[in-house]
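# Observations on chain architecture
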Amino acid sequence: MAQTPVYDLLPPIRQICRGCHTTTMNEAYISAVRQFCHHTKWFLSTLAGTTAASTATYNLGSDAYSEIIGVNAISLTYSSSDIRDLERLSSAAWDPDAQTQVPEFFEYVPEAQFALHPTPDAAYPLTISLILQPKIGSNSIEEALVSKWDHAFRAGALEYLMRIPGMAWTDKSEANRQFMLFEDWKNRGASSAAKRNSVGVVPVQGWAGGLANRRPREVW
Amino acid sequence: MSASSGFAVSPGGGTRFPTTADQNFPKQIQFRFNGVDLGGPDATTVDFVGAGFTVTRGTGIDAGKVTVELS
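The text that follows walks through the structure, step by step, so that each part is easy to find.

Within the fold, A:Thr50 resides in strand 2 (residues 44-50). Considering only alpha carbons, one finds A:Thr50 and A:Thr77, 27 residues apart in sequence, at a separation of 9.4 Å. Sequence-distant contacts of A:Thr50, that is, excluding residues within four places in its chain, are made with A:Tyr58, A:Ala123, A:Tyr124, A:Pro125, A:Leu126 and B:Val9.

Encoded structure:
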(Lines give C-alpha, C1' and ligand atoms only; values in the text may rest on other atoms or scores of the structure.)
Protein backbone atom coordinates (compact mmCIF):
# COMPACT_ATOMS: atom_id res chain seq x y z
CA MET A 1 0.00 0.00 0.00
CA ALA A 2 1.27 3.50 -0.76
CA GLN A 3 2.31 5.26 2.40
CA THR A 4 2.65 8.95 3.29
CA PRO A 5 5.25 9.90 5.93
CA VAL A 6 3.57 11.49 8.95
CA TYR A 7 6.33 14.12 8.98
CA ASP A 8 5.00 15.47 5.68
CA LEU A 9 1.56 15.94 7.26
CA LEU A 10 2.70 17.95 10.27
CA PRO A 11 3.31 21.50 8.89
CA PRO A 12 -0.31 22.72 9.43
CA ILE A 13 -0.08 21.49 13.03
CA ARG A 14 3.38 22.95 13.52
CA GLN A 15 2.05 26.39 12.50
CA ILE A 16 -0.30 26.31 15.47
CA CYS A 17 1.80 24.42 18.00
CA ARG A 18 5.03 26.34 17.43
CA GLY A 19 8.00 24.77 19.13
CA CYS A 20 6.32 21.40 19.67
CA HIS A 21 8.70 18.47 19.28
CA THR A 22 8.22 16.47 16.09
CA THR A 23 8.00 13.20 18.03
CA THR A 24 5.11 14.59 20.09
CA MET A 25 3.27 15.82 16.99
CA ASN A 26 3.85 12.44 15.32
CA GLU A 27 2.39 10.67 18.34
CA ALA A 28 -0.61 13.05 18.39
CA TYR A 29 -1.29 12.45 14.69
CA ILE A 30 -0.96 8.65 14.88
CA SER A 31 -3.15 8.61 17.98
CA ALA A 32 -5.86 10.52 16.10
CA VAL A 33 -5.67 8.16 13.11
CA ARG A 34 -5.92 5.14 15.40
CA GLN A 35 -8.97 6.58 17.16
CA PHE A 36 -10.58 7.37 13.83
CA CYS A 37 -9.91 3.90 12.39
CA HIS A 38 -11.10 2.13 15.52
CA HIS A 39 -14.32 4.13 15.63
CA THR A 40 -15.18 4.07 11.93
CA LYS A 41 -13.82 0.71 10.69
CA TRP A 42 -13.15 2.71 7.51
CA PHE A 43 -9.63 1.47 6.79
CA LEU A 44 -9.91 -1.84 4.95
CA SER A 45 -7.51 -4.00 3.01
CA THR A 46 -8.11 -7.19 1.04
CA LEU A 47 -6.03 -10.29 1.43
CA ALA A 48 -6.06 -13.55 -0.53
CA GLY A 49 -5.61 -16.88 1.17
CA THR A 50 -6.56 -20.55 1.11
CA THR A 51 -8.14 -22.86 3.62
CA ALA A 52 -6.45 -26.07 4.68
CA ALA A 53 -8.35 -29.32 5.14
CA SER A 54 -9.29 -30.04 8.77
CA THR A 55 -7.94 -26.68 9.98
CA ALA A 56 -10.35 -24.33 11.74
CA THR A 57 -8.19 -21.34 12.68
CA TYR A 58 -5.87 -19.17 10.59
CA ASN A 59 -3.25 -16.53 11.33
CA LEU A 60 -3.19 -13.28 9.37
CA GLY A 61 0.43 -12.26 9.93
CA SER A 62 1.63 -8.74 10.66
CA ASP A 63 2.70 -5.60 8.86
CA ALA A 64 5.30 -2.92 9.53
CA TYR A 65 2.84 -0.01 9.54
CA SER A 66 -0.65 -1.35 10.25
CA GLU A 67 -2.31 -3.78 12.62
CA ILE A 68 -5.48 -5.80 12.22
CA ILE A 69 -8.42 -4.91 14.47
CA GLY A 70 -11.04 -7.07 12.79
CA VAL A 71 -12.25 -8.98 9.78
CA ASN A 72 -14.88 -7.16 7.77
CA ALA A 73 -15.90 -10.00 5.44
CA ILE A 74 -14.70 -13.27 3.94
CA SER A 75 -15.69 -14.78 0.62
CA LEU A 76 -14.93 -18.37 -0.32
CA THR A 77 -14.49 -19.62 -3.89
CA TYR A 78 -16.17 -23.01 -4.10
CA SER A 79 -15.84 -23.08 -7.87
CA SER A 80 -15.18 -20.50 -10.56
CA SER A 81 -18.90 -19.82 -10.82
CA ASP A 82 -19.75 -20.26 -7.14
CA ILE A 83 -18.29 -17.62 -4.82
CA ARG A 84 -19.88 -17.57 -1.39
CA ASP A 85 -19.88 -14.82 1.24
CA LEU A 86 -19.33 -16.34 4.66
CA GLU A 87 -21.58 -15.10 7.44
CA ARG A 88 -20.18 -13.53 10.60
CA LEU A 89 -21.43 -15.62 13.54
CA SER A 90 -20.23 -15.97 17.13
CA SER A 91 -18.47 -19.28 17.74
CA ALA A 92 -20.72 -19.67 20.79
CA ALA A 93 -23.39 -20.75 18.29
CA TRP A 94 -21.19 -23.22 16.40
CA ASP A 95 -21.92 -26.94 16.56
CA PRO A 96 -18.86 -28.61 18.13
CA ASP A 97 -19.83 -31.96 16.60
CA ALA A 98 -20.16 -30.69 13.01
CA GLN A 99 -18.31 -32.71 10.39
CA THR A 100 -15.76 -31.07 8.13
CA GLN A 101 -17.37 -29.50 5.07
CA VAL A 102 -17.50 -26.22 3.14
CA PRO A 103 -17.34 -23.37 5.70
CA GLU A 104 -20.38 -21.11 6.06
CA PHE A 105 -19.42 -18.95 9.05
CA PHE A 106 -16.43 -17.01 10.31
CA GLU A 107 -15.40 -15.24 13.48
CA TYR A 108 -12.50 -12.83 14.08
CA VAL A 109 -10.20 -14.09 16.83
CA PRO A 110 -7.96 -11.44 18.45
CA GLU A 111 -5.18 -10.84 17.71
CA ALA A 112 -5.03 -11.14 13.92
CA GLN A 113 -6.64 -14.56 13.54
CA PHE A 114 -9.94 -15.89 12.28
CA ALA A 115 -11.81 -19.17 12.60
CA LEU A 116 -14.11 -20.94 10.13
CA HIS A 117 -17.13 -23.15 10.72
CA PRO A 118 -17.71 -25.88 9.76
CA THR A 119 -14.04 -26.81 9.65
CA PRO A 120 -13.03 -26.92 5.95
CA ASP A 121 -12.89 -30.34 4.32
CA ALA A 122 -10.56 -29.18 1.55
CA ALA A 123 -8.50 -26.24 0.28
CA TYR A 124 -10.73 -23.37 -0.87
CA PRO A 125 -9.48 -19.95 -2.03
CA LEU A 126 -10.49 -17.11 0.29
CA THR A 127 -10.70 -13.34 -0.11
CA ILE A 128 -10.54 -11.61 3.26
CA SER A 129 -11.41 -7.98 3.95
CA LEU A 130 -9.30 -6.81 6.90
CA ILE A 131 -10.09 -3.87 9.20
CA LEU A 132 -6.86 -2.03 9.97
CA GLN A 133 -5.40 0.81 12.00
CA PRO A 134 -1.85 2.22 12.11
CA LYS A 135 0.50 0.74 14.65
CA ILE A 136 1.59 2.75 17.69
CA GLY A 137 4.89 4.40 16.82
CA SER A 138 4.29 4.17 13.09
CA ASN A 139 5.82 7.00 11.09
CA SER A 140 3.69 6.68 7.96
CA ILE A 141 0.01 6.48 7.04
CA GLU A 142 -1.84 4.76 4.22
CA GLU A 143 -2.29 7.30 1.43
CA ALA A 144 -6.01 6.59 0.97
CA LEU A 145 -6.64 7.52 4.60
CA VAL A 146 -4.72 10.77 4.34
CA SER A 147 -6.27 11.94 1.09
CA LYS A 148 -9.80 11.58 2.45
CA TRP A 149 -9.54 12.23 6.19
CA ASP A 150 -6.47 14.42 6.75
CA HIS A 151 -8.57 17.25 8.22
CA ALA A 152 -10.09 14.83 10.72
CA PHE A 153 -6.66 13.69 11.85
CA ARG A 154 -5.48 17.30 12.22
CA ALA A 155 -8.42 18.04 14.50
CA GLY A 156 -7.67 14.96 16.59
CA ALA A 157 -3.97 15.77 16.77
CA LEU A 158 -4.61 19.40 17.72
CA GLU A 159 -7.01 18.35 20.46
CA TYR A 160 -4.32 16.03 21.85
CA LEU A 161 -1.62 18.70 21.73
CA MET A 162 -3.71 21.57 23.09
CA ARG A 163 -4.61 19.52 26.18
CA ILE A 164 -0.95 19.10 27.17
CA PRO A 165 -0.63 21.37 30.23
CA GLY A 166 1.93 24.14 30.50
CA MET A 167 2.87 24.51 26.84
CA ALA A 168 2.89 27.71 24.79
CA TRP A 169 0.11 26.28 22.61
CA THR A 170 -2.02 24.88 25.47
CA ASP A 171 -5.63 26.03 24.93
CA LYS A 172 -8.34 24.02 26.66
CA SER A 173 -11.15 25.94 24.99
CA GLU A 174 -9.75 25.38 21.51
CA ALA A 175 -9.00 21.76 22.44
CA ASN A 176 -12.68 21.29 23.25
CA ARG A 177 -13.62 22.78 19.88
CA GLN A 178 -11.17 20.49 18.08
CA PHE A 179 -12.61 17.56 20.03
CA MET A 180 -16.09 18.35 18.72
CA LEU A 181 -14.76 18.69 15.17
CA PHE A 182 -12.94 15.38 15.51
CA GLU A 183 -16.07 13.68 16.85
CA ASP A 184 -18.00 15.04 13.89
CA TRP A 185 -15.39 13.76 11.45
CA LYS A 186 -15.45 10.34 13.11
CA ASN A 187 -19.21 10.16 12.68
CA ARG A 188 -18.81 11.10 9.03
CA GLY A 189 -16.21 8.34 8.66
CA ALA A 190 -18.49 5.81 10.29
CA SER A 191 -21.32 6.86 8.02
CA SER A 192 -19.06 6.54 5.00
CA ALA A 193 -17.95 3.06 6.05
CA ALA A 194 -21.51 1.99 6.79
CA LYS A 195 -22.69 3.10 3.38
CA ARG A 196 -19.77 1.35 1.70
CA ASN A 197 -19.99 -2.05 3.30
CA SER A 198 -22.72 -1.95 5.94
CA VAL A 199 -20.09 -2.20 8.66
CA GLY A 200 -19.39 0.63 11.07
CA VAL A 201 -21.09 2.76 13.63
CA VAL A 202 -24.35 4.55 12.92
CA PRO A 203 -23.78 8.31 13.14
CA VAL A 204 -24.89 9.84 16.39
CA GLN A 205 -28.14 11.76 16.03
CA GLY A 206 -28.95 14.75 18.16
CA TRP A 207 -25.44 14.90 19.57
CA ALA A 208 -24.65 17.97 21.66
CA GLY A 209 -24.80 21.06 19.49
CA GLY A 210 -26.07 19.07 16.54
CA LEU A 211 -22.59 18.99 15.08
CA ALA A 212 -23.20 15.64 13.43
CA ASN A 213 -25.34 17.42 10.88
CA ARG A 214 -23.03 20.34 10.24
CA ARG A 215 -19.96 20.72 8.10
CA PRO A 216 -16.88 21.03 10.35
CA ARG A 217 -15.16 24.39 10.37
CA GLU A 218 -11.45 24.47 9.97
CA VAL A 219 -8.93 26.75 11.57
CA TRP A 220 -6.07 26.32 9.13
CA MET B 1 -7.14 -0.89 -1.42
CA SER B 2 -4.81 -3.78 -1.94
CA ALA B 3 -3.30 -5.97 0.74
CA SER B 4 -0.35 -4.88 2.84
CA SER B 5 2.71 -6.87 1.93
CA GLY B 6 3.18 -8.02 5.52
CA PHE B 7 -0.16 -9.76 5.93
CA ALA B 8 -0.58 -13.38 4.84
CA VAL B 9 -2.96 -16.20 5.68
CA SER B 10 -1.45 -19.29 7.29
CA PRO B 11 -3.15 -22.24 9.02
CA GLY B 12 -3.15 -21.78 12.76
CA GLY B 13 -3.82 -25.42 13.61
CA GLY B 14 -6.73 -26.93 15.43
CA THR B 15 -9.44 -29.02 13.84
CA ARG B 16 -12.14 -27.45 15.99
CA PHE B 17 -12.91 -23.93 17.14
CA PRO B 18 -13.50 -23.09 19.89
CA THR B 19 -11.46 -25.88 21.42
CA THR B 20 -13.56 -28.23 23.48
CA ALA B 21 -12.71 -29.14 27.05
CA ASP B 22 -11.10 -32.47 27.87
CA GLN B 23 -13.80 -35.07 28.56
CA ASN B 24 -12.10 -35.86 31.85
CA PHE B 25 -12.22 -32.21 32.93
CA PRO B 26 -12.12 -31.24 35.73
CA LYS B 27 -9.27 -33.41 36.91
CA GLN B 28 -8.39 -33.78 40.56
CA ILE B 29 -6.06 -35.76 42.78
CA GLN B 30 -7.62 -38.85 44.26
CA PHE B 31 -6.55 -39.41 47.86
CA ARG B 32 -6.23 -43.01 49.02
CA PHE B 33 -5.26 -44.82 52.22
CA ASN B 34 -3.69 -48.20 51.52
CA GLY B 35 -5.39 -48.27 48.13
CA VAL B 36 -8.83 -47.25 49.36
CA ASP B 37 -10.31 -44.04 47.89
CA LEU B 38 -10.95 -41.54 50.63
CA GLY B 39 -13.88 -39.91 48.83
CA GLY B 40 -14.98 -37.28 46.36
CA PRO B 41 -13.08 -34.42 44.75
CA ASP B 42 -14.13 -31.86 47.36
CA ALA B 43 -11.24 -32.41 49.82
CA THR B 44 -9.41 -29.16 50.44
CA THR B 45 -6.91 -30.32 53.08
CA VAL B 46 -4.52 -33.26 53.39
CA ASP B 47 -3.36 -33.62 57.01
CA PHE B 48 -0.32 -35.80 57.77
CA VAL B 49 -0.59 -36.84 61.42
CA GLY B 50 2.06 -38.61 63.47
CA ALA B 51 5.75 -38.41 64.25
CA GLY B 52 6.67 -40.64 61.32
CA PHE B 53 6.16 -37.90 58.76
CA THR B 54 8.31 -34.90 57.92
CA VAL B 55 6.34 -32.53 55.69
CA THR B 56 7.92 -29.38 54.23
CA ARG B 57 6.78 -26.70 51.78
CA GLY B 58 9.35 -25.62 49.22
CA THR B 59 10.55 -22.06 48.77
CA GLY B 60 11.69 -20.00 45.78
CA ILE B 61 11.28 -21.96 42.54
CA ASP B 62 10.01 -24.92 44.62
CA ALA B 63 7.26 -22.80 46.24
CA GLY B 64 4.58 -24.98 44.63
CA LYS B 65 6.09 -28.22 45.93
CA VAL B 66 5.22 -30.11 49.13
CA THR B 67 7.66 -32.81 50.21
CA VAL B 68 6.58 -35.66 52.49
CA GLU B 69 9.29 -37.81 54.05
CA LEU B 70 8.47 -40.98 55.93
CA SER B 71 11.03 -41.89 58.54
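Tallying the contact residues gives 19 residues for chain B and 39 residues for chain A. When chain B packs against chain A, the two sides together hide about 2200 Å² of surface, and 59% of this comes from carbon and sulfur. Across the contact surface, chain B and chain A share 0 salt bridges. Applying the counting criterion to the chain B and chain A interface returns 8 residue pairs in polar contact (both at pLDDT 80 or more). A breakdown of the residues in the side of chain B that touches chain A according to their chemical character gives 8 nonpolar, 10 polar and 1 charged.

So, about helix 2 (residues 22-40) of chain A. Residues and elements named next belong to chain A. Along its 19 residues, helix 2 runs 27 Å from first to last C-alpha, staying within 8% of the 27 Å computed at 1.5 Å per residue. For helix 2, the set of buried residues is Met-25, Asn-26, Ala-28, Tyr-29, Ile-30, Ser-31, Ala-32, Val-33, Arg-34, Phe-36, Cys-37 and Thr-40. Looking one or two residues past helix 2, Lys-41 carries a phi angle of roughly 55 degrees, positive in sign.

Note that an α-helix has 3.6 residues per turn; residues three or four places apart therefore point the same way. At A:Trp149, helix 3 (residues 143-162) of chain A shows its largest bend, some 80 degrees. Within helix 3 of chain A, 14 of the 20 residues are buried, leaving the element largely enclosed by the surrounding structure.

Sheet strands associate in pairs through backbone hydrogen bonding, adopting either a parallel or an antiparallel arrangement. Reading across from one edge, 6(A)-7(A)-8(A)-3(A)-1(B) is the order of the 5 strands in this open sheet, with mixed pairing throughout. One side of each edge strand has no neighbouring strand; the edge strands of this open sheet are strand 6 (87-88) of chain A together with strand 1 (7-13) of chain B. Bridge count for strand 3 (residues 57-61) of chain A against strand 8 (residues 113-117) of chain A is 3 bridges, and the pairing is antiparallel. Within strand 8 of chain A, the position partnered with A:Tyr58 by the bridge is A:Phe114.

Residue and element names in this part refer to chain A. The buried fraction of strand 7 (residues 105-109) amounts to 5 of the 5 residues, a majority that puts the element mostly inside the structure. Of the two faces of strand 7, the one carrying Phe-105, Glu-107 and Val-109 and the one carrying Phe-106 and Tyr-108 are both buried. Where strand 6 and strand 7 come together, 2 bridges link them in parallel fashion. Looking at the pairing, Arg-88 lines up with Phe-106 of strand 7. As paired elements, strand 7 and strand 8 share 5 bridges and run antiparallel to each other. For Phe-105, the partnering residue across the bridge sits in strand 8 and is His-117.

Calculation rules
Residues numbered from 1 in each chain as written. Chains lettered and ligands numbered in written order. Predicted model: local features only at pLDDT ≥ 70, side-chain atom pairs only at ≥ 80, totals over all residues. Heavy atoms only, no water. Helix = DSSP H or I, 4+ residues; strand = E, 2+ residues; numbered from the N terminus. Contact = heavy atoms within 4.5 Å. Buried area = accessible area lost by both parts, 1.4 Å probe. Salt bridge = Lys/Arg side-chain N within 4 Å of Asp/Glu carboxyl O. Polar contact = N/O pair within 3.5 Å; in protein donor to acceptor, adjacent residues only side chain to side chain. Nonpolar A, V, L, I, M, F, W, Y, C, P; charged D, E, K, R; others polar. Expected span 1.5 Å × (residues − 1). Buried < 20%, exposed > 50% of the residue type's maximum accessible area, 1.4 Å probe, protein only. Bend = angle between axes of the 7 residues up to and from the residue. Pairing = 2+ DSSP bridges.

Geometric values such as these leave the question of function open.
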